Amino acid sequence: MSAVRTGFDSRTWTDKNSDSVSTYISLSGCDNGGLGAKVTNTQLQLTREKPWYEPDEDRGRYTFSCSSSDSHAFGDQPSGDYHFTVTKIQGSTSGYYLSVDSVYVRY
């Protein structure tokens, strides 16, 4: 991710839930990407996508530290299409940029 703002959505992935593995997101090397104030944390929301006529499902949020790398297991999720959304940067819903060197998702 490079110079993203809150509201940024990741690519979508499909979890068939055939292996009982926890959905796991890891970030390393996050900062402001040279834009704006220093960034030390960001909150991501795991979202299960639903058909257009239903609201998407919030499957949990976690605040990642930018000190070096941080990861979080969101638990075994039901089958479906998923993405994550940047909901906060530096504890705020606006005013910051976020860049991340490496994003790893396991499901």
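Higher on the page you've got the structure.
Residues numbered from 1 in each chain as written. Predicted model: local features only at pLDDT ≥ 70, side-chain atom pairs only at ≥ 80, totals over all residues. Heavy atoms only, no water.

A. The arrangement of the sheet that holds strand β7 (residues 99-106) in detail. Spatially, β5-β2-β7 is the arrangement adopted by the three strands of the open sheet, whose pairing is antiparallel. Among the strands making up the open sheet, the edge pair consists of β5 (69-73) and β7. Averaged over neighbouring strand pairs, the angle between their axes works out to 15° when direction is ignored. Sheet analysis places strand β2 (residues 24-31) next to β7, joined by seven bridges and oriented antiparallel. Bridged to C30 within β7 is V100. (Pairing = 2+ DSSP bridges. Helix = DSSP H or I, 4+ residues; strand = E, 2+ residues; numbered from the N terminus. Axes fitted to C-alpha atoms, helices over the stretch in contact; angles between N-to-C directions.)

B. Here's a closer look at the nonpolar core. Core analysis: the largest hydrophobic core is formed by 17 residues, its most contacted members being I25, L27, L44, V86 and L98. If you tally residues by element for this core, the top one is strand β6 (residues 80-89), at four residues. Setting aside anything within four residues of it in sequence, one finds L98 in contact with M1, S2, A3, V4, C30, D31, V39, T42, V86 and I89. (Core = buried A, V, L, I, M, F, W, Y, C linked by side-chain atoms within 4.5 Å. Buried < 20%, exposed > 50% of the residue type's maximum accessible area, 1.4 Å probe, protein only. Contact = heavy atoms within 4.5 Å.)

C. Representation of the packing of aromatic side chains. Per the stated rule, a full pass over the model turns up five aromatic pairs. Measuring from centroid to centroid gives 4.8 Å for Y62 and F64, while their planes differ by 85°, and the two rings are edge-to-face. Given a relative accessible area of 0%, F64 falls into the buried group. Through successive ring pairs, a cluster of aromatic residues spans W13, Y82 and Y107. Positioned above the aromatic ring of Y24, the side-chain terminus of R106 is 4.6 Å from the ring centre. (Phe/Tyr/Trp six-rings, centres within 6.5 Å; stacked < 30°, edge-to-face > 60°. Lys NZ or Arg CZ within 6 Å of the ring centre and 35° of its normal.)

D. Quick look at the state of the cysteines. Evaluated as defined, the whole model comprises one disulfide. The disulfide bridge from C30 ends at C66, spanning 1.9 Å between sulfur atoms. Here C30 and C66 share a disulfide; its torsion about the S-S bond, -115°, makes the bridge left-handed. Residue C30 is located in strand β2, and its partner C66 is located in the loop between β4 (57-65) and β5; the two are separated by 36 residues in the primary sequence. Here C66 falls in the buried class, since its relative accessible area comes to 10%. (Disulfide = S-S within 2.5 Å.)

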